[in-house]
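Residues per chain, in single letters:
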Amino acid sequence: MLDSSGGGRLPRERRPRRTGLLVGGGVALVAVVGAGAFGAAWWFSDGAQAAEALPAGTIGYVGVNLDPSGGQKVAALETLEKFPAIREEFGLDGPVGDIDVKQTLVDYLAEQTDCAQLTEAADAFGDRAAFAAVDTGGEEPAPVFTIEVADADAAGRALDDLATCTGSDPAEGGGGPAYVVSGDWIVLAETEETAQAVVDQTESDGSLADDADFQRWTGETGGDGVVTLYAAPEAGEYLAEAFGPGLEDSSDLLAPAVPEMSASAPALPSALSGAGRTAEDGVVGASAGLPSAATPAEALEDFAGAALTLRFDDGALEIEAAGEAAVFGGSDLLATDRGADVVEELPADTVAAVGAGFQEGWFAAVLEQLETASEGLIDAEGLEELAGETGLTLPDDVETVVGDAAAVSLGSGFDVEELTGSADPADLPVALTVRGEEDDVQGVLDRLAEGPLGSEIGTVGVAGGDGLTAIGLDEDYLADVVAGGEGLGDSETYQRVVPDSDEAGSVVFVDLDQVSSIAGDSLLPLLGDDAPAVEDNLDPLRALGLSSWVDDDVAHLVLRVSTDD
């Protein structure tokens, strides 16, 4: 969750030359200034600043800043200090105002690489760095590091020391650092020619920081953050090429799991085989205005760029991503603000919930997307016929049951040991709760009960009240769900991790404090001697929230993980 990787496509085949620098020493070097395996994922970044040293044609980018704006450094240190494993690993003891982040990372790196001389290198570098994939005209994008320097000569000596420690010293047969100094920046690449080409391209074509696409997408993710990732529109082409075989023919990926693919297996129902269907047949019940389906490869052809920003705020880690809605699932299908309508009215002590809002005709659109993505392996019309044999009418009955908003939830009565020791599923406090009429929902279930699924449907309970209808097996929990009163949306725990609840098209909420208690009672003992340490590091976690929405054809996703005060 705290880990991150570069936006955009990296080279498919890495050259063996200078591997020690770019894969080993290079990562270590970036950690010296805050962007390596230890620094980039857990510390601090500010995308636009480091982007000043990279060309506008950069395809993928991760920017790092050890001294971000808005008090984020203090917020991050206060949050990370709560976890014993991080606190001890990085020596984060004492008041956060006294912690020198850069020196702490350098000391940690020196210890990990047995390179004591690096402890003197911190002052040679500034606070900003970036890793990028840059199109320099070659067959593959060039991997590049760019690092702010405060003392170019001292920085060069630090690079030489790092090369020696990581076994990439030219005198010892290693690749050695290939870099060019340009103003306040050092640009590292596989060769000095590549590094110089990046510098020249930035000067001639303008910087990434001034690129309109970069500004648009990083702006959509809320600006300055702790880690900023960016994928340019051109990244779609590289992603489609990199994953082309799987994206172009998804039926090949499904074939091993499909019985019809085996000569000895019975024939697959036409609903799942697509037999007799053509690409022009369409989908029964598809609604106008909802998005037409496209294969993943086709979607990437229209990729317009995307960005992700990681920041710390008010004791919480926040990750916000943004991209064009048409590529990330269809703007019309996602464009509701009802995703949290039911979630907010669930009991305040809910352990976990997933909620979504729906447009009219949503289920038919989903079937169409499944049919197209599976290359016809799933036949929507045949699936409707198959469902009819059970008494279910698609898509009408599904849309009747779900309504325009729904949520699946897990109640606080959940007990792992009791559940695993009981054969009665009625002990499980799980419910599908919808904004709909109880009589309509019960009517659909009654028709199913008269069909081949009758014995299973007969155990399903329905409860209505306060404008909600809950469906599940635990009657006590169903009654609790529709009882009204203080809801989950009123709780401070929920509000801290789902701040955009009122505009969300979909929501995920997990009370990590309760999950930790459940795990502590039943699962942690399985870890033996490691259990106390794991419990100590789970203890600070409070809740997780994931919300998504569409605004002016831009899809937004925000993940927040809060900690105890």
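Note that the structure is a prediction, hence the values are computed from the model and not measured.

Parameters and conventions
The residue numbers shown here count from 1 along each chain, following its written sequence. Local features in this predicted model are restricted to residues of pLDDT 70 or higher, and side-chain atom pairs are both shown and tallied only at a pLDDT of 80 or more, whereas totals for entire chains, interfaces and linings draw on every residue. Side-chain metrics rest on all non-hydrogen atoms present in the structure, leaving aside hydrogens and water. Per-residue confidence from the predictor is given as pLDDT, running between 0 and 100. Note on contacts: a residue pair qualifies if any of its non-hydrogen atoms lie within 4.5 Å across the two residues. Strands are runs of DSSP state E lasting at least two residues, helices are runs of H or I lasting at least four, and both sets are numbered from the N terminus onward. Buried, partly exposed and exposed residues are distinguished by accessible area as a fraction of the type maximum, computed with a 1.4 Å probe on protein chains only: under 20%, between the cut-offs, and over 50%, respectively. Under this definition, polar contacts are N or O atom pairs within 3.5 Å; protein pairs additionally need one hydrogen-donor-capable and one acceptor-capable atom, and for neighbouring residues in sequence, both atoms have to be side-chain atoms. Salt bridge, as used here, is a side-chain nitrogen of Lys or Arg placed within 4 Å of a carboxyl oxygen of Asp or Glu. Pairing of aromatic rings covers Phe, Tyr and the six-membered ring of Trp, with a centre-to-centre limit of 6.5 Å; geometry is then stacked below 30 degrees between planes, edge-to-face above 60, and tilted otherwise. By this rule, a helix spans an expected 1.5 Å times one less than how many residues it contains.

Peer 1: Go over the confidence of the model for the protein chain with me, naming the residues and quoting the values.
Peer 2: Averaged over the protein chain, the pLDDT score is 75; the fraction of residues at 70 or greater is 73%. With pLDDT under 50 throughout, residues 1-48 is counted as low confidence; its partners more than four residues away or in other chains account for 158 contacts.

Peer 1: Give me the side chain of Thr563: which residues, what numbers.
Peer 2: In this structure, Thr563 sits in strand S16 (residues 554-563). For Thr563, a relative accessible area of 2% gives the class buried. There is a polar contact of 2.8 Å between the side chain of Thr563 and the side chain of Lys82. Only 2.6 Å separates the side chain of Thr563 from the backbone oxygen of Gly315, close enough to count as a polar contact. Beyond its immediate stretch of four places on either side in the chain, Thr563 contacts Thr79, Lys82, Phe83, Gly315, Arg496, Pro540 and Arg542.

Peer 1: Outline the pattern of salt bridges, listing residues and values.
Peer 2: Under the criterion given, the structure shown has eight salt bridges. Notably, a salt bridge pairs Arg560 with Asp313, separated by 3.8 Å at the nearest N-O pair. Separated by 247 residues along the polypeptide, Arg560 in strand S16 and Asp313 in strand S7 (residues 306-313) bring together distant segments of the chain. For Glu318, the salt bridge is made with Arg560, and the minimal N-O distance between the two is 2.7 Å. Taken together, the residues Glu318 in strand S8 (residues 316-324) and Arg560 in strand S16 connect sequence positions 242 residues apart.

Peer 1: Let's hear about unusual backbone geometry: which residues, and what values?
Peer 2: One non-glycine residue, Asp552, lies in positive phi territory at about 55°. Residue position: Asp552 is located in the loop between strand S15 (541-551) and S16. Judged by its relative accessible area of 70%, Asp552 is exposed.

Peer 1: Pulling in residues and values, what's your account of the side chain of Thr194?
Peer 2: Note on placement: Thr194 falls in helix H8 (residues 192-205). For Thr194, the side chain forms a polar contact with the side chain of Thr191, separated by 2.9 Å. Residue contacts for Thr194: discarding those within four places in its chain leaves Ala142 and Ala189.

Peer 1: Mind laying out the packing of aromatic side chains, listing which residues take part and the relevant values?
Peer 2: A complete count under the given rule lists six aromatic pairs for this structure. For the pair Phe131 and Phe145, a centre-to-centre distance of 5.2 Å together with 55° between the ring planes defines the contact as tilted. Placement of Phe131 in strand S2 (residues 125-134) and of Phe145 in strand S3 (residues 142-149) is noted, with a sequence separation of 14 residues between them. Every member of this aromatic cluster is reached through a ring pair, and the members are Tyr61, Phe214 and Tyr230.

Peer 1: Could you give an account of the environment of Val187, naming the residues involved and the relevant values?
Peer 2: Examined against the element boundaries, Val187 turns out to sit in strand S5 (residues 185-189). Residues Val187 and Ile147 lie 40 residues apart in sequence; the distance between their C-alpha atoms is 6.5 Å. Not counting the four nearest positions on each side in its chain, Val187 is found in contact with Val144, Phe145, Thr146, Ala178, Tyr179, Val180, Ala195, Val198 and Val199.

Peer 1: Talk me through helix H16 (residues 362-373); I want residue IDs and the actual numbers.
Peer 2: Along its twelve residues, H16 runs 16 Å from first to last C-alpha, staying within 8% of the 16 Å computed at 1.5 Å per residue. For H16, the full list of buried residues reads Trp362, Phe363, Ala364, Ala365, Leu367 and Glu371. A positive backbone phi angle near 60° is found at Glu375, which sits one or two residues after H16.

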